[in-house]
Amino acid sequence: MFLRHLGEGTLEDIIRHTSLRKRVAGSAGMAALAQDVRTALLRQKLDHVWTDTHYVGLQFPDKAHPNTLHWVDAAGRPGEQLPLEDPDVYCPYSATGNVTGELVYAHYGRPEDLQHLRARGVEPTGRLLLVRLGLISFAQKVASAQEFGARGVLIYPDPADFSQDPHKPGLSSHRAVYGHVHLGTGDPYTPGFPSFNQTQFPPVQSSGLPRIPAQPISADTASLLLRKLEGPVTPQEWQGRLPGSPYRLGPGPGLHLGVNNQRASTPISNIFGCIEGRSEPDHYVVIGAQRDAWGPGTAKSAVGTAILLELVRTFSSMVSNGFQPRRSLLFISWDGGDDSFHAKTSPLLISLIENILKQVDSPNRSGQTLYEQVAFSNHSWDAEVIQPLPMDSSAYSFTAFAGVPAVEFSFVEDGQAYPFLHTKDDTYENLHKVLQGRLPAVAQAVAQLTGQLLIRLSHDHLLPLDFGRYGDVVLRHIGSLNEFSGDLKARGLTLQWVYSARGDYIRAAEKLRKEIYSSEEGDERLTRMYNVRIMRVEFYFLSQYVSPADSPFRHIFLGRGDHTLGALLDHVRLLRSSGSGALGAASSRVAPLSFQESRFRRQLALLTWTLQGAANALSGDVWNIDNNF
């Protein structure tokens, strides 16, 4: 039924028309599109349609005082101005103000890149850093630079990071790429809470807001800067493809960066539509798509909006023809993110995604399913295709903040990033050219994949979430920690608590599987009880021992902070390092210079009890829980 109704849609027309509309968050064009989406939902057979409006703090360029970049003369005064070709391109949530410092090239701006600079005798402290787009988010680049004492960051797209195929369109060398630098999600001026009226509550702001300015620049401007750098030549793997640029580490001449972005309280509207579930109406399966875009935003949001509207129409038609989901379907359009397939997701959804990939035809390989396509090029398909949710994903907050399993899909052309994302060249025409005319087929494949997931999650008698998968995740991390067991033992420390909690989790998962297998499928009370236990697994990986206001991303595997497994591993690695004060991948604050036993014991306790709590919740029966710590 689903495929029959989906085939009647007009995905390509919706993508084209949406990409032609101006839809900057909070603009009149965005308000008009929001009204059109609401009208489209009201025309369908939905049980409820409503709008939720918030006033959020957004940053925009100051038209009267654009951001600037100057060389600095010998006296330290701003001299010749360097081109920032498009004054509309900026880094939302950058710190504002003026900074001056010598320039250093820092590769992708990762902590390990900055550590390498120090190892080569090039100090990032007090300097402006020139970093390449890619590998980590803009926000992570700026956070790392700040932790290493840099004064500001310039971010540019290097041709080496994009396809060099002369037959495909590429990013112009005078284009800069837009990207926000808040190390978090949502409104940074109401961290951990929905956006609220600042006049009625005390002002607060996210600890993830940077204290140093950042600005995107083009490849052309970056080339001018690189030619002025002195110092050691970069390692071979740091070399890019800017013509005439020797790629030295620096330092180089002084630069003056002025960032004058302005903050404005901006209304944004989220549009909701709901099909109520038959048996578990209070359990929701959510599908959402971003609607706003800084430029044309075809790949950024027009494709997602088109797929969302088409799925609303498809499921509405199915309901009219007798389809009744067991759980409620909630559709959300929100305001204010050779093809290979990638899924950024929670481990709970990996097995389900694998099964559905085997049912969806590849958009560019006739006679093959998506699974056959990705498995052919990736023998360890889940390691290559399945990725953890990154912080700049729209789905990240669902899992890391709310404890709800989530997934975000994407297609990558020939293993290269789409060159026009977050630029004014993200147009319907360019996306169509990059996909060589396969845009309708790719959009249809994503719609099929998403729709099949919705059907399984909303209609299956038992939730198809692989709750045993997290046992494998813990085992992989324990394998990394085991490397340091001798170092810990020499200090009278042990990881035995984590091993014990992991064992309890595995046993609880196996116990639940056996209970389900031997139960009566028609027992609705028992089925609902099992579904609640399965559904809450992700939630119980949110640490209950840290404040959501101070550490909003409390998930021990995907979150950020000292309570995470990644932070524990970063800390334990200090047992063998000389210590450099680097920012760990999972930590949101400066790591100590050396291993600290008291911090290790606290981290171990936070992690162990969260993991043990998840095992206890999965086990279900309070009288069968026996914790011997």
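Keep in mind that what you see is a predicted model, and the values were worked out from it rather than measured.

## Points about the overall build of the chain
In step 1: Counting its secondary structure elements, the chain contains 19 helices and 14 strands.
In step 2: The C-alpha atoms of the chain give a radius of gyration of 25 Å, which matches the 25 Å a tight globule of 629 residues would have.
In step 3: Each principal axis of the C-alpha atoms in the chain carries an extent, and together these give about 80 × 65 × 55 Å.
In step 4: Burial statistics for the chain: of 629 residues in total, 55% are counted as buried.
In step 5: For the chain, the exposed surface amounts to about 27000 Å²; the carbon and sulfur share of it is 52%.
In step 6: In the chain, which carries 59 positive and 63 negative side-chain charges, the distance between the mean positions of the two groups comes to 3 Å.

## Regarding the packing of aromatic side chains
In step 1: Inspection of the entire model under this criterion finds 18 aromatic pairs.
In step 2: With a centroid separation of 5.0 Å and 5 degrees between ring planes, the pair formed by Trp 50 and Phe 272 is classed as stacked. In this pair, Trp 50 is assigned in strand β1 (residues 48-60) and Phe 272 in strand β9 (residues 262-275), connecting sequence segments 222 residues apart.
In step 3: Owing to a relative accessible area of 13%, Phe 272 belongs among the buried residues under this scheme.
In step 4: Taking the centre distance of 5.6 Å and the plane angle of 80 degrees together, the rings of Tyr 90 and Tyr 178 count as edge-to-face. Here Tyr 178 lies in the loop between β6 (152-156) and β7 (214-216) and Tyr 90 lies in the loop between β3 (78-81) and β4 (97-105), a separation of 88 residues in the sequence. Just as Tyr 90 is buried, Tyr 178 falls in that class too.
In step 5: An aromatic cluster is present here, built from Phe 2, Phe 315, Phe 323 and Phe 331 joined pairwise through their rings.
In step 6: Across the ring face of Tyr 189, the terminal group of Arg 263 is positioned such that the distance to the ring centre comes to 3.6 Å.
In step 7: Of note, Arg 536 hangs over the ring of Phe 539, and the distance from its end group to the ring centre comes to 4.2 Å.

## Notes on unusual backbone geometry
In step 1: Here the amide bond leading from Gly 250 into Pro 251 is cis, since omega sits at 5 degrees, within 30 degrees of zero.
In step 2: Inspection of the secondary structure puts Pro 251 in the loop between α6 (219-226) and β8 (254-259).
In step 3: If you check the backbone angles, His 422 has positive phi at about 65 degrees while not being a glycine.
In step 4: On the accessibility criterion, His 422 (28% relative accessible area) is partly exposed.

## Brief notes about the packing of helix α16 (residues 496-518) against helix α17 (residues 524-535)
Each pair of packed helices can be described by the angle between their axes along with the distance between the axes.
In step 1: Where α16 meets α17, the closest approach of the two axes is 11 Å, and the angle between their N-to-C directions is 155 degrees. Considering the angle they form, α16 stands roughly antiparallel to α17. Relative to α17, the crossing made by α16 is left-handed. Across from Lys 511, Leu 512, Glu 515 and Ile 516 in α16, the residues of α17 making contact are Tyr 530, Arg 533 and Ile 534.
In step 2: Grouping the amino acids of the contact of α16 with α17 by side-chain chemistry returns 4 nonpolar, no polar and 3 charged.

## Things to note about the sheet that holds β1
Pairing between the strands of a sheet is mediated by backbone hydrogen bonds and can be parallel or antiparallel.
In step 1: Pairing is mixed in the open sheet, where 4 strands are placed in the order β1-β9-β11-β10. Every interior strand has two partners, whereas the edge strands, β1 and β10 (280-290), have only one. Neighbour to neighbour, the strand axes of the sheet diverge by 25 degrees on average, direction disregarded.
In step 2: With 8 bridges connecting them, β10 and strand β11 (residues 327-334) associate as parallel partners.

## Comments concerning the environment of Glu 123
In step 1: Relative to the elements of secondary structure, Glu 123 occurs in the loop between α4 (111-119) and β5 (128-132).
In step 2: C-alpha of Glu 123 to C-alpha of Pro 251: the two residues are 128 residues apart in sequence and 8.6 Å apart in space.
In step 3: In this structure, Glu 123 is in contact with Val 104, Arg 118 and Phe 148, ignoring residues within four places of it in sequence.
In step 4: Of the polar contacts made by the side chain of Glu 123, one reaches the side chain of Arg 118; its length is 3.2 Å.
In step 5: A polar atom in the side chain of Glu 123 sits 2.6 Å from the side chain of Thr 125.

## Section: the nonpolar core
In step 1: Residues Leu 130, Phe 315 and Phe 331 are the most contacted members of the largest nonpolar core, which totals 149 residues.
In step 2: Ignoring anything within four residues of it in the chain, the contact list for Phe 315 reads Phe 2, Ile 275, Phe 323, Leu 329, Phe 331, Gly 451, Leu 454 and Ile 455.
In step 3: Of all hydrophobic cores here, the second largest spans 10 residues; its members include Ala 139, Leu 389, Ala 395 and Ala 400.

## Re the pairing of β6
In step 1: Most of β6 is tucked away, with 5 of its 5 residues classed as buried.
In step 2: Alternating residues of β6 divide into Gly 152, Leu 154 and Tyr 156 and Val 153 and Ile 155, and every residue in both groups is buried.
In step 3: Inspection of the sheet shows β5 paired to β6 by 5 bridges, in the parallel sense. Looking at β6, one finds that Arg 132 is bridged to Tyr 156.
In step 4: Pairing geometry for β6 and β7, over 3 bridges, is parallel. Across the sheet, the residue bridging to Leu 154 is Gln 215, located in β7.

## As for the pattern of salt bridges
Opposite charge on two side chains permits them to pair, given that their charged atoms come into close proximity.
In step 1: Applying the stated criterion across every chain yields a total of 31 salt bridges.
In step 2: The residue Asp 504 makes a salt bridge to Arg 507 at a minimum N-O spacing of 2.5 Å. Residue Asp 504 and its partner Arg 507 are both found in helix α16; the two are separated by 3 residues, about one turn of the helix.
In step 3: One continuous salt-bridge network, built from bridges that share partners, spans Lys 63, Asp 86, Asp 88, Arg 175, Lys 424 and Asp 425.

## A word on the sheet that holds β8
In step 1: A sheet is described by the order of its strands in space; here 7 strands give the open sequence β3-β2-β8-β4-β5-β6-β7, paired in mixed fashion. The sheet terminates laterally at β3 and β7, the two strands that pair on one side only. Strand-to-strand twist across the sheet, computed as the mean angle between neighbouring axes with direction ignored, equals 40 degrees.
In step 2: The strands that helix α5 (residues 138-147) touches are β5, β6 and β7; relative to β6, the one it contacts most, it runs at about 145 degrees.

## What about helix α3 (residues 28-42)?
In step 1: With 15 residues, α3 should reach 21 Å at 1.5 Å per residue; the first-to-last C-alpha distance of 21 Å fits that figure.
In step 2: In this structure, the buried residues of α3 make contact with α2 (11-19), β1, β9, α7 (298-320) and β11.

## Looking at the side chain of Ser 458
In step 1: Examined against the element boundaries, Ser 458 turns out to sit in helix α13 (residues 439-459).
In step 2: Owing to a relative accessible area of 0%, Ser 458 belongs among the buried residues under this scheme.
In step 3: Those residues in contact with Ser 458 that sit more than four places away from it in its chain are Val 285, Phe 323, Pro 325, Arg 326, Arg 327 and Leu 329.

The rules we used
- Residues numbered from 1 in each chain as written.
- Predicted model: local features only at pLDDT ≥ 70, side-chain atom pairs only at ≥ 80, totals over all residues.
- Heavy atoms only, no water.
- Helix = DSSP H or I, 4+ residues; strand = E, 2+ residues; numbered from the N terminus.
- Rg over C-alpha atoms; globule rule 2.2 N^0.38 Å.
- Buried < 20%, exposed > 50% of the residue type's maximum accessible area, 1.4 Å probe, protein only.
- Areas by Shrake-Rupley, 256 points an atom, 1.4 Å probe, with all protein chains shown as cover.
- Lys, Arg positive; Asp, Glu negative; His and termini not counted.
- Charge placed at Lys NZ, Arg CZ, Asp CG, Glu CD.
- Phe/Tyr/Trp six-rings, centres within 6.5 Å; stacked < 30°, edge-to-face > 60°.
- Lys NZ or Arg CZ within 6 Å of the ring centre and 35° of its normal.
- Axes fitted to C-alpha atoms, helices over the stretch in contact; angles between N-to-C directions.
- Parallel < 35°, antiparallel > 145°, perpendicular 65-115°, else oblique.
- Left-handed = near helix turned anticlockwise from the far one by under 90°.
- Contact = heavy atoms within 4.5 Å.
- Nonpolar A, V, L, I, M, F, W, Y, C, P; charged D, E, K, R; others polar.
- Pairing = 2+ DSSP bridges.
- Polar contact = N/O pair within 3.5 Å; in protein donor to acceptor, adjacent residues only side chain to side chain.
- Core = buried A, V, L, I, M, F, W, Y, C linked by side-chain atoms within 4.5 Å.
- Salt bridge = Lys/Arg side-chain N within 4 Å of Asp/Glu carboxyl O.
- Expected span 1.5 Å × (residues − 1).

In short, shape yes, function no, at least from these values alone.
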